[in-house]
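Working through the structure, step by step
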Amino acid sequence: QGQLVESGGGLVQPGGSLRLSCAASGFIFSMYAMNWYRQAPRKERELVAGITRSGGSTNYADSVKGRFTISRDNAKNTVYLQMNSLKPEDTAVYFCHAARLGGPNFWGQGTQVTVSS
């Protein structure tokens, strides 16, 4: 069964940076598009960024464009989210998601990101 394990979350001051990682196992990573979602307290889960199977195309929520960068290394079965110029409103639990049409989707357990002074 597929498994996703996120890491790299933590407490950072406004304006700071964090790099999230998501290590995949149990499925053919290169056959899945990968996404990062986040969920803040009392809010719905929202898509933050996505990347295609080859990494050739990416998409971002308007709220993070120009600040966040999603990337992947298919040789390492890992997807990353580089987060710069962090704001308090970026505080949330960040989830890694693997998606494939017609196939099972997988979710990670989430990693907490807190932006506060």
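This write-up is about the structure you can find in this document. On a predicted model such as this, the values are computed, not experimentally measured, just so you know.

**Examining the pattern of salt bridges**
Across all of its chains, the model carries four salt bridges by this definition. Residue E46 is joined to R38 by a salt bridge in which the shortest nitrogen-to-oxygen separation is 2.7 Å. When its relative accessible area of 6% is taken as the criterion, R38 is described as buried. D90 serves as the salt-bridge partner of R38, at 2.9 Å between the closest nitrogen and oxygen. In this pair, R38 sits in strand β4 (residues 33-39) while D90 sits in the loop between β8 (78-83) and β9 (92-99), placing the two residues 52 residues apart along the sequence.

**Examining the environment of S7**
Here S7 is to be found in strand β1 (residues 3-7). Taking C-alpha positions, S7 is 21 Å from A61, a pair spaced 54 residues apart along the chain. When residues no more than four places from it in sequence are discounted, the contact partners of S7 are R19, L20, S21 and T111.

**Some thoughts on the packing of aromatic side chains**
Per the stated rule, a full pass over the model turns up five aromatic pairs. Ring centres of F95 and W107 lie 6.5 Å apart, and the angle between their planes is 80 degrees; on these two criteria the pair is classed as edge-to-face. Separated by twelve residues along the polypeptide, F95 in strand β9 and W107 in strand β10 (residues 106-107) bring together distant segments of the chain. Every member of this aromatic cluster is reached through a ring pair, and the members are F27, Y32 and F106. Above the face of the Y80 ring, R19 is positioned so that its terminal group lies 4.0 Å from the ring centre.

**Regarding the nonpolar core**
Formed by 30 residues in total, the largest nonpolar core has its most connected members in L4, M34, W36, V79, L81, M83 and Y94. Those elements that provide at least two residues to this core are β3 (18-25), β4, β5 (46-51), β7 (68-73), β8, β9 and β11 (111-115). Those residues within four positions of V79 in sequence are excluded, and the remaining contacts are L20, S21, C22, F29, M34, W36, I51, I70, S71, R72 and C96.

**A few points about the sheet that holds β7**
The antiparallel open sheet is built from four strands, whose spatial order is β1-β3-β8-β7. The open sheet has two edge strands with one neighbour each: β1 and β7. For this sheet, the mean inter-axis angle between neighbouring strands, taken without regard to orientation, is 15 degrees. With five bridges joining them, β1 and β3 adopt antiparallel strand pairing. Looking at the pairing, S7 lines up with S21 of β3.

**Topic: the state of the cysteines**
Taken as a whole and assessed by the stated rule, the structure comprises one disulfide. Two residues, C22 and C96, share a disulfide whose sulfurs are 2.1 Å apart. In this structure, the disulfide formed by C22 and C96 twists by about -85 degrees around the S-S bond and is classed as left-handed. A residue pair is termed long-range when its members are at least 10 positions apart, and C22 in strand β3 and C96 in strand β9 qualify at 74 residues. On the accessibility criterion, C96 (0% relative accessible area) is buried.

Calculation rules
Residues numbered from 1 in each chain as written. Predicted model: local features only at pLDDT ≥ 70, side-chain atom pairs only at ≥ 80, totals over all residues. Heavy atoms only, no water. Salt bridge = Lys/Arg side-chain N within 4 Å of Asp/Glu carboxyl O. Buried < 20%, exposed > 50% of the residue type's maximum accessible area, 1.4 Å probe, protein only. Helix = DSSP H or I, 4+ residues; strand = E, 2+ residues; numbered from the N terminus. Contact = heavy atoms within 4.5 Å. Phe/Tyr/Trp six-rings, centres within 6.5 Å; stacked < 30°, edge-to-face > 60°. Lys NZ or Arg CZ within 6 Å of the ring centre and 35° of its normal. Core = buried A, V, L, I, M, F, W, Y, C linked by side-chain atoms within 4.5 Å. Pairing = 2+ DSSP bridges. Axes fitted to C-alpha atoms, helices over the stretch in contact; angles between N-to-C directions. Disulfide = S-S within 2.5 Å.

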